[in-house]
Amino acid sequence: MKSLLIFTFLMLCSIVSFGQGLSISGTIIDAENLPIEFANVIVLSEDESEILKGTSTDHEGYFNILNLEAKSYIIKITYIGFEDFNQKIILKGNLDLQTIQLNQVSESLDEVSILVKKPTVKREADRLVFTIEKTALVEGNMLQVLKSTPGVLVIGDEITVKNSNPTVYINNRKVNLSSEDLNQLLTGSSANAIKSVEVITNPSARYDAESGVVINIVMSKNLITGYRGSVFTNFTQAVFPRYTAGTSHFFKNEDISLNVNYSYSKDKLNREGDDTVNFLDNSNNLDQSWRSFTNRNTWSETHNLNANFDYFINEKNTLSLSSNALFLPYYKYKIANNTVINEANGDFSSRFTADNLSRDNKYNLAFDVDFNHNFTKGVLDVNAHYTAYNYERNQGVISNFFDMNNAFEYTNAFNTHNNQSTNIFAGKIDYSLPLNESSNFETGLKVSSTNTESDIKQFDVDISTGNETIDVLNSDAFNYDEQIYAAYANYDRSTEKWSINAGLRVEQTNIEGVSPLTNISNTQDYLEWFPNASLLYNMSDDYNVYLNYKRSIARPSYASLNPFRFFLNDNYVVSGNPFLVPTFNDHVVLGTSITDFFTFEAYYKNYDGAISEIPRQNNDTNVIEYIFVNFDKSVEFGFDFITNFEVTDRWSIYAVTSFYNYEEETNLGQGFVRRDQWSNYSEFQNDFTLLKDNSLNISFALTWVGKSLQGFQTVEDRLISDLAISKTILNKKGIISLSVSDLFNTHDFDYRTQYQNQFSFGHADIDDRYVRLGFRYKFGNTKLNSNARAIDTEERERLEKKTN
């Protein structure tokens, strides 16, 4: 890492230059010769395809745009209630446009100001782009936006795209948190600055090899100088009330850009479970049936802070500092369980209760330094990253046992202390070069180093005295070191008829995991190649065909490799597996688009060594263990139909239906198990823009998730429904919003496991039915758009701590 930092420093020193460019200045007035403050002045390329520079006028109507090259531009000046001013200029020296008068439009403000619009969906060969800027969806949080994004399914903490867990990026920066931490980050982060969401099913070689499917949240980019801010608050009523409040501030001038976002969330979540485990005898006949009624409550207070600072050294060089902080000072997790045990004939045998109380303390701090240099031809990006992660959990469990007459017998208790500390260092260099108007070349290097130290101590508790005695068989430590070295090259070319994108990424991985108390070790060293390719042919303006291929990797999370056995009570335990190996995925898509409205796709996925957490019941000890395993075979293939169109200028529809087959096969010690299941996924989304001034926006979505297979477990049908409404008020500075989830009370689901000597089933109530009210107030130059972004690196994704 020292060599990398020295190399980066020398590179920065060698390429920074402070050259000065040309300028355009002027003064904007109205028909009465009064200056217009906060008018937006934008410089575009000659063909108007790219915004190059921008600013806003001061209180005297004056503007000055610096560091421009000598070439032709289009200058555009806009201000609400006035006609736009457009002019082509040929810049040869510093240009003073003197005084520019804007003409007021004849219509009233409400007739010409369109502040709210409908979401739009654009289908490309390798991705789907869901644009939501200035719609009702941005008045919720980021997780709500993902729930409304076509093709994205959010159930609890898990985000999936066609049975795959995607890698989430924000402005092409990976948010590599555990699923639980990512959920907390997205729930506590306002969606107000989101421009679009890209669901990238065939990422280029520039993305890490673990990015088989990418969700890239694109934030609105600001090119206008000035200050703006906002405050917001949300109240959510589910089983219990939840509260969120936050503020955002953005400032930009010719030299710097600063963005700070903070949010605070106070939540209480409720989950209900009704699970039955049928323990079997040696002939796989029913021996005993254990039915557990479980109530899980989670109390949490979460602080999210994101800060970004950009220093525009000159026209060609930008230095950026970024920080992202997740702080969880209060987290309480309570499980109340009552398990009833019946004999095979249905007679009551016994029962027990188990009360589990956990308290957590967690923080995740990430820091990035970025340098961007624009050559005359080409762009260089250099990044250095550091993450500090710390997690502590203290758990107490008390179980009471009752006999066949339901009379109290005895009490058992134990305490558990669990700690994890992780440090991540990463650095990367990316270079992109436009070869000509239709082709580009990209290449880069990346190195990362991760060190994790964790330990667990379990103590048996004497109920009468309260004294603790360490349980050495269920206490352990685990040290994990990982280094990844990566390089890639990518080429793309587009013509009127053809588009091609081909790349290759290579990654060398060195892993060593050691458990000193149990003398378990795991060493893995492997070099792997990850090609990707996309080919699209436009047969006409209304018809194209395309073919995509991508190879990717899914490395085990740090928690899944950890050999600890974490007991939730005397009969339920969560275990890691230090012998897990990575999953390799080959993904092929053949598709066609007819006009702008219809797309058909056929796809095939092969997972080599798919990692899945499955429940395993021990019929001799009556212990249910949740453990991570590698499957020998996992294959998915299916067919998709997608359409989107506008019914009227105020009503648009997006619809998709997918029929797919999923097959799993592995040997768990008693011979091979093979399961497969045909399923259907369908989505129907409606977006409306209402009222004369277009200030009322409604989004309504229905998602059908058919019976599916997940880790040898069959999950039954679900109908998911979401409604979002927003209305601008207070002279367009205030926005009130209403969101409703699970309108028909159909988000909960049943599940079932039955193969060999495994037989269990249950019902999950996930506390996903709620009504949310929100209010946002904007101040400052509210016409600005934010360039807020979040930061992180690949390795943070596997800081996963399993919560049950």
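Rules used in this analysis
Residues numbered from 1 in each chain as written. Predicted model: local features only at pLDDT ≥ 70, side-chain atom pairs only at ≥ 80, totals over all residues. Heavy atoms only, no water. Helix = DSSP H or I, 4+ residues; strand = E, 2+ residues; numbered from the N terminus. Buried < 20%, exposed > 50% of the residue type's maximum accessible area, 1.4 Å probe, protein only. Contact = heavy atoms within 4.5 Å. Areas by Shrake-Rupley, 256 points an atom, 1.4 Å probe, with all protein chains shown as cover. Pairing = 2+ DSSP bridges. Salt bridge = Lys/Arg side-chain N within 4 Å of Asp/Glu carboxyl O. Axes fitted to C-alpha atoms, helices over the stretch in contact; angles between N-to-C directions. Patch = residues over 30% accessible without salt bridge, like charges linked within 9 Å, V, L, I, M, F, W, Y side chains within 5 Å.

Quick look at the overall build of the chain now. When its secondary structure is counted, the chain shows five helices and 46 strands. Counting over 804 residues, the chain shows a buried share of 54%. Sequence separation of 24 or more characterises 66% of the internal contacts of the chain that already satisfy a separation of 6 or more. Of the roughly 34,600 Å² of accessible surface on the chain, 55% is carried by carbon and sulfur atoms.

To continue, consider the pairing of strand E1 (residues 22-29). Within E1, six of the eight residues are buried, leaving the element largely enclosed by the surrounding structure. Of the strand pairs in this sheet, E1 and strand E4 (residues 62-68) are connected by five bridges, and their pairing is antiparallel. The residue of E4 that forms the bridge with Ile24 is Ile65. Of the pairings in the sheet, the one linking E1 to strand E7 (residues 95-101) comprises five bridges and is parallel in character. Within E7, the residue paired with Ser25 across the bridge is Asp96.

What follows deals with the pattern of salt bridges. Scanning all chains against the criterion turns up 19 salt bridges. A salt bridge links Lys88 to Glu46, with the shortest nitrogen-to-oxygen separation between them at 2.8 Å. With Lys88 in strand E6 (residues 85-90) and Glu46 in the loop between strand E2 (40-45) and strand E3 (51-56), this pair connects stretches of sequence that are 42 residues apart. A residue is classified by how much of its surface remains accessible, and Lys88, at 48% relative accessible area, is partly exposed. Classification of Glu46 by relative accessible area gives partly exposed; the value is 43%.

Turning our eyes to something else, we now look at the side chain of Asn297. If you trace the backbone, Asn297 turns up in strand E19 (residues 286-312). In this view, Asn297 contacts Phe240, Lys268, Leu269, Asn270, Lys332, Tyr333 and Lys334; residues no more than four positions away in its chain are not counted.

The next subject is the sheet that holds strand E31 (residues 572-575). In a beta sheet, neighbouring strands pair by backbone hydrogen bonds and run either parallel or antiparallel. The four strands lie next to each other as E30-E31-E35-E34, forming an open sheet whose pairing is mixed. Both edges of this open sheet fall to strand E30 (565-569) and strand E34 (611-618), since each of them pairs with a single strand only. On average, each strand axis in the sheet is tilted by 25° relative to the strand beside it, whichever way the strands run. Of the strand pairs in this sheet, E31 and strand E35 (residues 623-630) are connected by four bridges, and their pairing is parallel. Bridge assignment links Val574 to a residue of E35, and that residue is Tyr626.

The next thing to look at is the environment of Ile200. Secondary-structure assignment places Ile200 in strand E14 (residues 194-200). For Ile200, a relative accessible area of 0% puts it in the buried group. C-alpha of Ile200 to C-alpha of Asp126: the two residues are 74 residues apart in sequence and 5.9 Å apart in space. In contact with Ile200, other than residues within four places in its own chain, are Asp126, Arg127, Tyr207, Gly212, Val213, Val214 and Asn216.

We now examine the sheet that holds E2. Pairing within the open sheet is antiparallel, and its four strands lie in the order E3-E2-E5-E6. Because the sheet does not close on itself, it has two edges, and the strands there are E3 and E6. Strand-to-strand, the axes of this sheet are offset by a mean angle of 20°, without reference to chain direction. As judged from the six bridges shared by strand E5 (residues 72-78) and E6, these two strands associate in the antiparallel manner. Note on E6: the bridge partner recorded for Ile75 is Gln87.

So, on to unusual backbone geometry. Across the chain, the bulk of peptide bonds are trans and the bulk of non-glycine residues have phi less than zero. The backbone of Phe712 shows a phi angle near 65°, a positive value even though the residue is not glycine. According to the relative accessible area criterion, Phe712 is buried, its value standing at 0%. Residue Asp742 is not a glycine yet carries a positive backbone phi of 60°. Relative to the helices and strands, Asp742 is located in the loop between strand E43 (734-741) and strand E44 (749-755). Exposure remark for Asp742: the relative accessible area of 2% places this residue in the buried category.

Among the surface-exposed residues, Leu435, Tyr491, Trp498, Ile500, Leu535, Leu547, Val588, Leu590 and Tyr604 lie close enough to one another that they form a single nonpolar patch of about 780 Å² accessible area. Tracing the chain through its elements places Tyr604 in strand E33 (residues 598-608).

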